[in-house]
Amino acid sequence: MSHRLRVHAPGWTWDSARINGRDLYFRRNDTAGQETPVVHLHGFALSGSYLMPTAKRLAVRGLNIVPDLPGYGRSPHPRGSPLDIPALAERVLALLDALNLPEVVLMGNSMGCPVALEAATLAPDRVSRLILVSPAGGKHNQPLARAVAQLLQDGPRERLTFFPLAIPDYLRFGPVNMLQLFKEMTQFPSIDRLLQTDVATLAVLGDRDPLMPSSRWVHEVAQRARDHVTVRVIEGAAHAINFSDPDDLAHAVSQWLDGNGHEEEACGTL
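Since the structure is predicted, the reported quantities are computational estimates derived from the model, not experimental observations.

All right, on to the packing of helix α2 (residues 85-98) against helix α3 (residues 112-122) then. For the pair α2 and α3, the least separation of the axes is 8 Å and the interaxial angle reads 65 degrees. Relative to α3, the element α2 lies roughly perpendicular. For the element pair α2 and α3, the recorded crossing hand is right-handed. Where α2 abuts α3, its residues I85, P86, L88, A89, E90, V92 and L93 lie against P114, V115, E118, A119 and L122.

Written out as structure tokens, the structure is:
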């Protein structure tokens with residue numbers, strides 16, 4: 001099933017793939033190109049709508065896919081509880097199979113980062129590069145009360161135009177599901193996964209994001225990760241960088257994908 005999007009931009013269509021007996025909906029651009037396709041993975045309780053500002057800017061490079069993962073946005077809820085992060089990663093890989101995409105760049109925001117890391121752990125041959133934007137999860141977000149406080153602190157730092165997109169998604173997902181998945185996200189060992197993977201990775205952080213640890217700590221992690229991790233800090237950005245700072249983010253991503261993001265430049269304010 002496919003039809004022209006009304007809300008975003010010309011050249012983008014809705015489509016769906018049948019996965020585990022249910023439709024998984026995704027947005028795709030019509031741009032042809034030789035670059036490796038980019039699959040954008042959204043944060044917890046949200047649909048892929050807020051990722052579109054950055055996805056539209058990266059569309060000049062070639063195919064971009066912006067799914068609503070099962071239970072989010074247009075994609076129906078699975079039976080029972082919300083899918084955990086490993087199950088979401090499996091659905092991402094199943095989507096790549098359905099679209100006949102042997103290899104992609106996975107670009108996650110917030111919860112989308114653990115999902116991308118898990119997919120790269122499960123099938124490293126399918127993920128050519130990882131882009132982790134505001135990668136949530138780990139000791140900095142624990143215990144749960146601390147993570148909730150960080151999330152509330154982030155709210156006033158986001159652009160006001162973010163909330164007409166986010167609030168309907170939050171209401172649809174529901175408070176019980178939100179709390180359950182948010183707790184899982186904060187407990188996910190993102191740093192361990194990052195250190196274990198050999199996939200080249202770009203981590204992009206906002207210096208006003210309360211869910212992220214200090215830049216000094218991030219720099220130490222990047223040094224431990226050998227040569228496969230590059231860190232870039234976007235000044236003035238909060239958590240939802242894909243929505244609030246699409247020009248800076250798309251520029252950083254394009255430079256890195258093209259091999260022009262030298263580590264000293266990419267580290268920004270670290």
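Let us look at the environment of L58. The residue L58 is located in helix α1 (residues 52-58) in this model. Classification of L58 by relative accessible area gives buried; the value is 1%. Distance from L58 to A250, taken between C-alpha atoms, is 6.2 Å for residues 192 residues apart in sequence. Ignoring sequence-local partners within four residues, the contact set of L58 consists of H40, N64, M107, A250, V253 and S254.

All right, on to the packing of aromatic side chains then. Evaluation of the coordinates by the stated rule reveals five aromatic pairs. On the basis of an interplanar angle of 85 degrees and a centroid distance of 5.8 Å, the ring pair of Y50 and F162 is categorised as edge-to-face. In this pair, Y50 is assigned in the loop between β4 (38-41) and α1 and F162 in the loop between α4 (144-154) and α5 (163-173), connecting sequence segments 112 residues apart. Note on Y50: relative accessible area 2%, which makes it buried. In this structure F162 comes out as buried when scored by relative accessible area, which is 6%. Taken together, the aromatic side chains of Y50, F162, F163 and F243 make up a single cluster linked through ring pairs. The ring of W256 carries R129 above its face, with NZ or CZ at 4.7 Å from the centroid.

The rules behind the values
Residues numbered from 1 in each chain as written. Predicted model: local features only at pLDDT ≥ 70, side-chain atom pairs only at ≥ 80, totals over all residues. Heavy atoms only, no water. Axes fitted to C-alpha atoms, helices over the stretch in contact; angles between N-to-C directions. Helix = DSSP H or I, 4+ residues; strand = E, 2+ residues; numbered from the N terminus. Parallel < 35°, antiparallel > 145°, perpendicular 65-115°, else oblique. Left-handed = near helix turned anticlockwise from the far one by under 90°. Contact = heavy atoms within 4.5 Å. Buried < 20%, exposed > 50% of the residue type's maximum accessible area, 1.4 Å probe, protein only. Phe/Tyr/Trp six-rings, centres within 6.5 Å; stacked < 30°, edge-to-face > 60°. Lys NZ or Arg CZ within 6 Å of the ring centre and 35° of its normal.

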